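Given next are the chains, with one letter for each unit.
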Amino acid sequence: MKWMEVGVSTSQEALELVSNFLMELGSQGVVLEELPFPDGEGSGSCIAKGYFPCEVPLAELVGQINAYLAMLEHHGVSVGSKAIQTRALQEEDWASSWKQYFKPVRVGRRLVIKPDWEPYEAGPHELVIHIDPGMAFGTGKHETTQLCLEFLEEEVYPGARVLDVGTGSGILAIAAAKLGASRVWGLDTDPVALRYARENVIKNAVQHEVSLQEGSLSGLDGVDSPLDLVVINIRPDVILSLLEPLRRYLKPEGILILSGVLQSELEPFIKALRTAQLTVKGQRSRGEWITLVCTWVFSGS
Ligand SMILES: C[S@@+](CC[C@H](N)C(=O)[O-])C[C@H]1O[C@@H](n2cnc3c(N)ncnc32)[C@H](O)[C@@H]1O
């Protein structure tokens, strides 16, 4: 299969926003690069590279990116050079262009995310998660994934029943199982992501704990008693659309970890959570991104 690489030159300030927009347009992953000055110092000039199936309507895509950059500029965001470059890639090139960016990464107190091709000597208390993200989101490098992993480390207890909506590479579902969850369900609407998630589940030997299903909540199958925890790392609009159907799966005092929210989206998002009668128990930010921990039980105060 052939892929289209779409590289957008932009500023450090706009990098996350552009990266996020490429994902919204259907990019199967984004690689971020900072360009050095000739003297080797960081320049603040960056490229976000998105990867799209080759049949994507390229002119339309470039038009959408240009319109988005213009909108950011209109709102006072410095967007840098705005040059857009495209090139066709074979699937093998695509896969290997990812690999140089993935090194073992430690998250929280005990979790280490390790790509297959990198050696790693685990410490006595470390939990190593083997991940080949392939064309699925979820390498462990993205802030939203890392924040979810940190909260999972704090909230998952032995025997917990966990649901991961939008599992991508399966990273969060696998982490929940390694942290002691006895049953984990991972859902994703993207069959390609699920293919990688299945391989990762086997690589991590958690196939007895983790069940993966294609689709979203409406097709969730086999959950016979209330869940203790649900984690969703998607985008605010999708998260909000899932809250009502989630209520019947989560036990009353169950925990929701909600991720994929930009700083600029936080206020209306929290308002919508309150309207849905959720209590925000905690929140953490990294870069532009926020992750929240919520429950439907009112905690008092
Ligand atoms: C940002 S990735 C998160 C991947 C991984 N959980 C992580 O935290 O790194 C979001 C994933 O959600 C999936 N997705 C988007 N909308 C969905 C929905 N309504 N139901 C289930 N999955 C969805 C996408 O296909 C994608 O794999």
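Higher on the page you've got the structure.
Residues numbered from 1 in each chain as written. Predicted model: local features only at pLDDT ≥ 70, side-chain atom pairs only at ≥ 80, totals over all residues. Heavy atoms only, no water.

Draft legend 1. Just the overall build of the protein, in detail. Scanning the protein for helices and strands turns up eight helices and 14 strands. Evaluated residue by residue, the protein yields a buried proportion of 51% over its 301 residues. By sequence separation, contacts in the protein at least 24 residues apart represent 66% of the contacts at least 6 residues apart. Summed over all atoms, the accessible surface of the protein reaches about 13800 Å², with 52% contributed by carbon and sulfur. (Helix = DSSP H or I, 4+ residues; strand = E, 2+ residues; numbered from the N terminus. Buried < 20%, exposed > 50% of the residue type's maximum accessible area, 1.4 Å probe, protein only. Contact = heavy atoms within 4.5 Å. Areas by Shrake-Rupley, 256 points an atom, 1.4 Å probe, with all protein chains shown as cover.)

Draft legend 2. Fine view of the packing of helix α7 (residues 236–246) against helix α8 (residues 266–275). In the contact formed by α7 and α8, the axes pass within 11 Å of each other and the chain directions differ by 0°. Looking at the two axes, α7 sits roughly parallel to α8. Here P236, I239, L240 and L243 of α7 lie close against α8, whose contacting residues are F269, A272 and L273. Residues that form the contact of α7 with α8 fall into these classes: seven nonpolar, no polar and no charged. (Axes fitted to C-alpha atoms, helices over the stretch in contact; angles between N-to-C directions. Parallel < 35°, antiparallel > 145°, perpendicular 65-115°, else oblique. Nonpolar A, V, L, I, M, F, W, Y, C, P; charged D, E, K, R; others polar.)

Draft legend 3. Molecular detail of the pairing of strand β7 (residues 127–131). In terms of residue burial, β7 counts as a mostly covered element, since four of its five residues are buried. Direction of pairing for strand β6 (residues 111–115) relative to β7: parallel, over a ladder of five bridges. If you follow V112 over to β7, its bridge partner there is V128. (Pairing = 2+ DSSP bridges.)

Draft legend 4. Molecular detail of helix α1 (residues 12–24). Here α1 contains 13 residues, and its C-alpha end-to-end distance of 19 Å stays within 8% of the 18 Å for a straight helix at 1.5 Å per residue. The complete set of buried residues in α1 reads A14, L15, E16, L17, V18, S19, N20, F21 and L22. The first or second residue beyond α1 is G26, which carries a positive phi of 110°. (Expected span 1.5 Å × (residues − 1).)

Draft legend 5. View of the nonpolar core. In terms of nonpolar packing, the biggest core is built from 35 residues, with L152, V156 and I257 touching the most fellow members. A per-element tally of this core places helix α5 (residues 171–178) first, with seven residues. Leaving out residues up to four positions away in the same chain, L152 has contacts with L172, A175, L179, L229, V231 and I257. If you look at the next biggest cluster of nonpolar residues, it comprises 28 residues, including L246, F269, L278 and I290. (Core = buried A, V, L, I, M, F, W, Y, C linked by side-chain atoms within 4.5 Å.)

Draft legend 6. Looking closely at the site of the ligand. Surveying the vicinity of the ligand reveals 17 residues, the closest of which are T145, G166, D188, S216 and N233. In this structure, an oxygen atom belonging to the ligand sits 2.7 Å away from a side-chain N or O atom of T145. Between the ligand and the protein, one listed contact pairs a nitrogen atom with a backbone N or O atom of T167 at 3.5 Å. Isolated, the ligand exposes 600 Å² of accessible area, and the fraction of that covered by the protein chains is 84%. (Near = heavy atom within 4 Å. Polar contact = N/O pair within 3.5 Å; in protein donor to acceptor, adjacent residues only side chain to side chain.)

Draft legend 7. Expanded view of the pairing of strand β13 (residues 279–286). Sheet topology note: the β13/strand β14 (residues 289–295) ladder contains seven bridges and is antiparallel. Bridged to T279 within β14 is T295. The turn joining β13 and β14, which pair antiparallel and follow one another in sequence, is formed by two residues; a positive phi near 60° is taken by G287.

Draft legend 8. View of the sheet that holds β6. Taken in spatial order, the three strands make up an open sheet running β5-β6-β7, and their pairing is mixed. Strands at the two margins of the open sheet, each flanked by one partner only, are β5 (105–107) and β7. Looking at each pair of strands side by side, their axes are set apart by 25° on average, direction ignored. Sheet topology places β5 next to β6; three bridges connect them, and they run antiparallel. For V107, the partnering residue across the bridge sits in β6 and is L111. With respect to the sheet, α5 is in contact with β6 and β7, its orientation differing from that of β7 by roughly 155°.

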